[in-house]
Amino acid sequence: PAMVKAAEAVDCLDKKALTELKTMSKPPAGVDEVTKACLMMIEGEFKNFKWERAKKMMNNTEQFLTALKKFDAQNMDPALVAKLEPIVTNPTFTYDHIAKKSMAAANLCNWVANIYRYNRIYVKVKPLMDKLEVAQRDKAEAEAELAEVQRVVQEVERRLRELKRTFLQATQEKMEVEELADQCMAKLDLANRLVNGLASENARWGIEVEKLRKAEEQLIGNVLVSSAFVGYIGGFSAHFREKLWRKEWVRDLLERDLPCASPDSIDPLALLTNTTQIIQMTNEGLPADRISLENGAIITSCTRWPLIIDPQEQGIRWLRQRYARRLSASEASKPGARPGSPVDDLSASPADSSAGNGAEAGSALAVVNDQEVLVPPVTTQLTKVGWVEDIVRAIEQGEVVLIENIGEEVDSTLEPVLSRAIIRKGRNQFIKFAGRELEYDPKFRLFLFTKLSNPHYKPEMQAQCTLINFTATEKGLEDQLLVRVVQAERPDKEAERQQLQGDLNGFKLQLTDLEDDLLQKLSNAPEDILSDGKLIESLEATKGEAEKINKAVASSEEVMQDISKIRDSYRPVAAEASMLYFMLTRMCTVNHMYQYSLESFVQFFNKAIREAPGGGSPAATAAVPECADSGEGANGAAAEGSGTSGNEMSVVDRVSGLRDTLRFTIFQFVSRGLFERHKELFLAQLTFNLMQRGQLACSGDWSDEAFDFLLQPPFERMSGENPLSEWLPDSAWNAITALARLSDFENLPNDMIEASPRFRDWYNNSAPEQEKLPLDWAQLDKAFFMKLLVIKCLRPDRMQVAIDNFVRQNLPDGDKFADCDSTLNSFDLLLEVFGDSSPTVPLYFILSPGTDVMSDLDRLAAGFGLEKGRTYVNVSLGQGQDKVATRLLETAHKEGHFVVLNNLHLMPKWLPHLEKLLDQFKDQGSHENFRLFLSSDPSDRIPISMLGRCIKLTNEAPSGLKANLKRAFLSFPRTFVEESDARVKSILFGLSYFHCAMTERKRFGPTGFNIMYPFSLGDLRDSAVCLNNYMESSQSGVVPWTDIRYIFGEIIYGGHVVNDFDRLLVNTMLEYLMRDELLDEMELFPFVESSSTSLKAPEPTTVERYLEYIDENIRGDTPMAYGLNPNAEIDFRTQQSAELFALLDGLRAGDKLGGASNSSIIAPQLTAENLTGEILDRFGGEVLDVDAVVELTSETSSPFQSVLLQEMGALNVLLQEMRRSLLELTQGFAGELTITEGMDGLIESLHQNVVPASWARLAWPSTRTMSSWLNDLAARIAQVTAWSANPSETLRVTWLPGLVFPQGFLTAIKQTTSQRTSTELDVLTIMTDVVKNKSLEDCMEAPPRDGAYIHGLFMQGARWNMSDANIETSRPRELFCAMPVICCRAARQDKVQDAKAYSCPVYKTLQRGPTYVFSAQLKTKVTPAKWILAGVALVMDVGV
């Protein structure tokens, strides 16, 4: 015990404690005695006991601790013992006494005392122990000799007795020996047969025994891994699953020295299942890919209720088959047999199973044979009436219940069931559910399913359920689609493969049963196994059967390999189809309406197979005569697989045709349901995916690093000045320097500097993507993918055009994809899509402003001879219309009517009922002519399953002046145009142009209109009707321009407009167009006199000639056609490009989360952690002292001081929220708080470099990125801080954009004037004078006589001429013009009117609209109408 205590005392020591002891300048009393004892024992020092000597001994703490542990307490020198005795026996030399002074010294004291004590005990006891050992050894030897003598005596007596009996037994033994000889010969024969029969099992059993031995050794770790696998890993994708268990869990176990298999040898799936169970699950319909098998193993092993993420409904189809009950036909017909949804045919492969119905069906049963039927488990939904009763019956009767279509919130009624709140009463179990106490049957099983692809459940829900991600994997779906392809192309081989696969599975199961039976018989054999001849004969028969099965398995596997070679020739089709499916499923991240079910995808997949060219070629090749006998075996398959080169080429051509047709069919199916701005996104994503997979001619140019740069260039600032600042913006130079980090572009910055004029010419080209780059960079035209990077850096406004060119050039039939459906009008497109619909597949119109689908549907119904209101009905959903719609649908599905349900987004709660209704129609079978048409605005309240089952169709106005003008003019009835007089025709053409200008201006965002208005062709037709009425009623023959301008601008088109500046724009455009000059070939493009761009009003003519005139005279699109500055296109296209690549990056990020990792994609949490620290360091202690300002201004008060206090208060509130949210997030990262949804949003915002929503709500309007916004915040704080230093005075020049409430500052100017002049405040307005010939520094010297100086505004749409002090047209590629200092003063409203001044609206951001501040009066030499149409405005914050 003394030695144990000494060791414990040493273990209590560590480096920190010893270091603390060493650092003492002078040891306390008693500590010196401890170190003295240690010096004598460890160092052998008997003279120098000074503290410095002791510290030297402890200098190397590791060495000192080792010496303490290895000290030999048994062989201590007596002299040492003698010197230690007075120290140890000292009453103060105790642990408790020394611990008051130093814990390290106390532990050393404890060690010295126990070592000393042990030695004293050992010295006294050791001689006695030695003597005891000698005595015990002598005693043992004596007893052994006595025992040997006694044994000899007993042996002699025993032999004497045996000899006496020997004579008597001799004769009897002779007879027994002869009989035994006969038995031995018989057993020898049986033994030979047994050994020979089991000889082949020896090696296998040896391997199995070794495996079992290792498994026993590794049992603890393997159980931990498999348990964690079941409990925690189900919700993750395949990549993260493997990363967790292989790279984290197993590594951690090995580091902790827990017995566990190595990461390369362990397999949780093998630990949880065996071959028999896997075969059983796949026979039940479970897909055979790895992730699905893992899910099956988790479901069959977990003890919590499974919550299954099942967008493709693969999981629910499998479980319906797995838990289907076999009942006799008579039992199934009884009331007690409660069928759920129909069970898929068990003989069908997973790929052939139709998509689940999503609701409880009526009484569908799967017939197994004439005597038995399969009753599927109960399937219900939480939205179904009576679902509680379904659960109650299942709990009491021990049934399986499948609850599908659950959302992110689950009804609290299920809480007792989910938490398994079971009460035991005696031998029975009870549970309280739905207000009742039910007897709980242990056989009850519950499965929950959701179709949400990325649901977010509360931690409590995940604690109660085992979350399992059953989302199909790309590889798994590829295998399933391959079955469909081969079934269509080579049905004979696929049927043979399925038959062989079934046989193989049966063989393996039978072989396993035989092996188990063999082991069972051997384990139950009698002690003398050779005595049971029948057993050995049975073992021989079993072994013989197993050998036959093994031969059959080997033969079948050879045939399967040959068939697999044939199937693999079609694998590229399935691989591309799988890729396409996962592409389109990720589109829902772009818009909720883009939902696609696997069932609808398979419909068009099958369509592509049917329509692919050369459909008969491979099949004809396959139709060679088969061997007459059934034992064709491997030879027949091999002959088939090794056909002539001509046959192989035909298969290759067929596969190529299948891929091309499939690619276009799926693209057409998807693109018809996409908005115009997203079609190019989907096409670009398709092209880049194919390129990355090496399936395009340009795939050799692919680089992950280059693609990362293309999607999201790094945010960097220049380390030095921009050497090309004369013509190249700083942002472009930043991008080029970042691009130079890629190995292929290292020399680009230097080359641009050396050949600056040539690069400048390329940069200023109107279409640089079509021009070669200077120097050797011209070679990038041969690698256009790499050229895209240069265009992205220098001319981002041309990226959309460049991407379009890239797609057209590199995607096979690229023009066909890019121009998909461009030649079809809305009705022709509807006719084509209608051909793909069916009674079970509705058409879904996603509406956009200005679209009119009902006219096309009316025309379609008329073409089928349907009567409106009877066999063709239209219901606009709203309050009370759900019952009307239900009644009409029930009639229509039986009688074959057309039903149109409009505005689904207004009744989202009714849509689950509509889904169940459609499922019932599907089960019952609808009339072949029944069709359902649905329409709604885009809304995330539409159920995913509803969108997924439909064919979606968008109907947007075409883009471009030519297409829009033709579409607008053709909207008039041809006879109406032809019969009108010349004046009306001219006005109609001008009106059509006006309509196009109004709709096309919306493409330019806030520059075109502050608010996007739903102008439609209906407005144009109504305007034409009013025009015709006015012209007919005009008696004087003079065109009533004033009246028609008012009708058009204030009522028809103006009826949509709610913004005053937009209304002014509409009326200004009408004033320009609707005048007498329109009747005489007037220039339609506003204010383009100095430009070559032109479009004259044509002479009155026929409709055909008008269309020809449009084709001949409109060559391309230009913003000038709508009154805008040419630079408006740059901003518009740059924004479009940014949106395109942001969406591509979002789609790519979603892809990476479910697939392989990419080191270039930084984890959001890591980015957020870094930024959180940086922001807190920068703003964490920033607080504006409002109280100090109040104290300084307590005696004097002015409107400007109120503005200052208001600004400081607003900034303080914002800074407080920033600190709160970031500190809360820091606690979340540290594990002190649970990560909430708000924290998740903050993490994502920090990662995406955008301002978090909670901050933006308390801040000013801004379009800046996070990094730029923080700099802006710092500048605002700096201005307010400078102002607060002298709050009684206004800043000499105020940075107006730096105020949270700039209107308050302007109001203070008016209040000051009102107080000074005693003028009513409501008659005052802000008057602006642009300061001329004064710099910002000059204005800082003295304030203006009246009002206040402001600066920081930018002009958009035009520029300010400094020398002439008026507005002029912008220079090429000049998006913004910094304004000089402006003097703002208050003046009476009646004195501000100036016909030569443009009342320029001032906005806070480029979003304009609700950010309006005031109007500034700016001088102009031309009519203000030009600047109104150009959308000229002053913007406070342009993000620079």
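Residues numbered from 1 in each chain as written. Predicted model: local features only at pLDDT ≥ 70, side-chain atom pairs only at ≥ 80, totals over all residues. Heavy atoms only, no water.

(A) Empty space enclosed by the protein, seen in detail. One pass over the full model with this rule turns up 10 cavities of 30 Å³ or more. Its boundaries defined by the atoms lining it, the largest cavity holds a volume of some 100 Å³. In this structure, the largest cavity is lined by 13 residues; those nearest its centre are Asn1127, Ala1128, Gln1356, Gly1357 and Leu1375. Residues of the lining of the largest cavity, tallied by class, amount to 5 nonpolar, 6 polar and 2 charged. As a volume, the second largest cavity reaches approximately 70 Å³. Every residue lining the second largest cavity is listed: Trp1260, Pro1261, Arg1276, Pro1297, Leu1299, Val1300, Pro1302, Lys1404, Thr1405, Met1436 and Asp1437. Of all elements in the fold, only β25 (1397–1405) and β27 (1433–1437) reach the threshold of two or more residues within the lining of the second largest cavity. Grouping the constituent residues of the lining of the second largest cavity by class yields 7 nonpolar, 1 polar and 3 charged. (1 Å grid on protein atoms, 1.4 Å probe; cavity = no way out; pocket = protein on both sides within 12 Å on 5 of 7 lines; lining within 4 Å. Points joined across faces, edges and corners; volume = space filled by probe spheres on them. Nonpolar A, V, L, I, M, F, W, Y, C, P; charged D, E, K, R; others polar. Helix = DSSP H or I, 4+ residues; strand = E, 2+ residues; numbered from the N terminus.)

(B) Summary view of the packing of aromatic side chains. Evaluation of the coordinates by the stated rule reveals 51 aromatic pairs. Note on phenylalanine 604 and phenylalanine 669: the rings are 4.1 Å apart at their centroids and 15 degrees apart in plane angle, and the pair reads as stacked. One end of the pair, phenylalanine 604, is in helix α23 (residues 598–611); the other, phenylalanine 669, is in helix α26 (residues 645–671), with 65 residues separating them in the sequence. Like phenylalanine 604, the residue phenylalanine 669 is buried in the burial classification. Ring geometry for tryptophan 702 against phenylalanine 707: centres 4.7 Å apart, planes inclined by 40 degrees, an arrangement best described as tilted. The class of phenylalanine 707 is buried, set by a relative accessible area of 9%. (Phe/Tyr/Trp six-rings, centres within 6.5 Å; stacked < 30°, edge-to-face > 60°. Buried < 20%, exposed > 50% of the residue type's maximum accessible area, 1.4 Å probe, protein only.)

(C) How the structure looks around the sheet that holds strand β23 (residues 1376–1378). Ordered by their spatial adjacency, 5 strands build an open sheet running β23-β20-β27-β25-β26, and the pairing between neighbours is mixed. Strands at the two margins of the open sheet, each flanked by one partner only, are β23 and β26 (1412–1419). Sheet twist, expressed as the average angle between the axes of neighbouring strands with direction ignored, equals 35 degrees. When strand β20 (residues 1354–1356) meets β27, the two strands line up antiparallel, connected through 3 bridges. Residue pairing across strands places methionine 1355 opposite leucine 1434, the latter belonging to β27. The sheet contacts of helix α54 (residues 1302–1317) involve β25, β26 and β27, and relative to β26 the element is tilted by about 60 degrees. (Pairing = 2+ DSSP bridges. Axes fitted to C-alpha atoms, helices over the stretch in contact; angles between N-to-C directions. Contact = heavy atoms within 4.5 Å.)

(D) Geometry of a negative patch on the surface. A cluster of like negative charges, contributed by Glu173, Glu176, Glu178, Glu179 and Asp182, occupies part of the molecular surface. Summarising the element assignment, glutamate 178 is placed in helix α8 (residues 103–217). Residue classification places glutamate 178 among the partly exposed residues on the basis of a relative accessible area of 48%. (Patch = residues over 30% accessible without salt bridge, like charges linked within 9 Å, V, L, I, M, F, W, Y side chains within 5 Å. Areas by Shrake-Rupley, 256 points an atom, 1.4 Å probe, with all protein chains shown as cover. Salt bridge = Lys/Arg side-chain N within 4 Å of Asp/Glu carboxyl O. Lys, Arg positive; Asp, Glu negative; His and termini not counted. Charge placed at Lys NZ, Arg CZ, Asp CG, Glu CD.)

(E) Here's a closer look at helix α33 (residues 799–810). The terminal C-alpha atoms of α33 lie 16 Å apart, and with 12 residues this matches the ideal 16 Å at 1.5 Å per residue to within 8%. Within α33, 9 of the 12 residues are buried, which leaves the element mostly enclosed by the surrounding structure. Looking only at α33, the buried set comprises Met799, Gln800, Val801, Ala802, Ile803, Asn805, Phe806, Val807 and Asn810. (Expected span 1.5 Å × (residues − 1).)

(F) How the structure looks around the environment of alanine 1378. When you line up the elements, alanine 1378 lands in strand β23. Expressed as a C-alpha distance, the spacing of alanine 1378 and lysine 1426, which sit 48 residues apart in the sequence, is 20 Å. When sequence neighbours within four positions are dropped, the list of residues in contact with alanine 1378 reads Leu1353, Phe1354 and Met1362.

(G) The arrangement of the packing of helix α9 (residues 219–232) against helix α10 (residues 238–255) in detail. Close contact between α9 and α10 brings their axes to 10 Å; oriented N to C, the two are set at 140 degrees. If you check the angle between α9 and α10, you find them oblique. Relative to α10, the crossing made by α9 is right-handed. Note on element contacts: α10 touches α9 through Trp245, Trp249, Val250 and Leu253, opposite Gly221, Leu224, Val225, Ala228, Phe229 and Tyr232. Residues of the contact of α9 with α10, tallied by class, amount to 9 nonpolar, 1 polar and no charged. (Parallel < 35°, antiparallel > 145°, perpendicular 65-115°, else oblique. Left-handed = near helix turned anticlockwise from the far one by under 90°.)

(H) Structural view of the sheet that holds strand β18 (residues 1324–1330). Taken together, the 4 strands give an open sheet; going across it, the order is β17-β19-β24-β18, and neighbouring strands pair in mixed fashion. Across the chains shown, the open sheet's two edge strands, defined by having one partner strand only, are β17 (1293–1295) and β18. Recorded for the sheet is a direction-independent mean angle of 40 degrees between the axes of neighbouring strands. Where strand β19 (residues 1348–1351) meets strand β24 (residues 1382–1388), 3 bridges bridge the pair, whose relative direction is antiparallel. Among the inter-strand pairings, alanine 1348 is bridged to a residue of β24, identified as cysteine 1384. Taken strand by strand, α54 contacts β17, β18, β19 and β24, and its axis lies near 110 degrees from that of β18.

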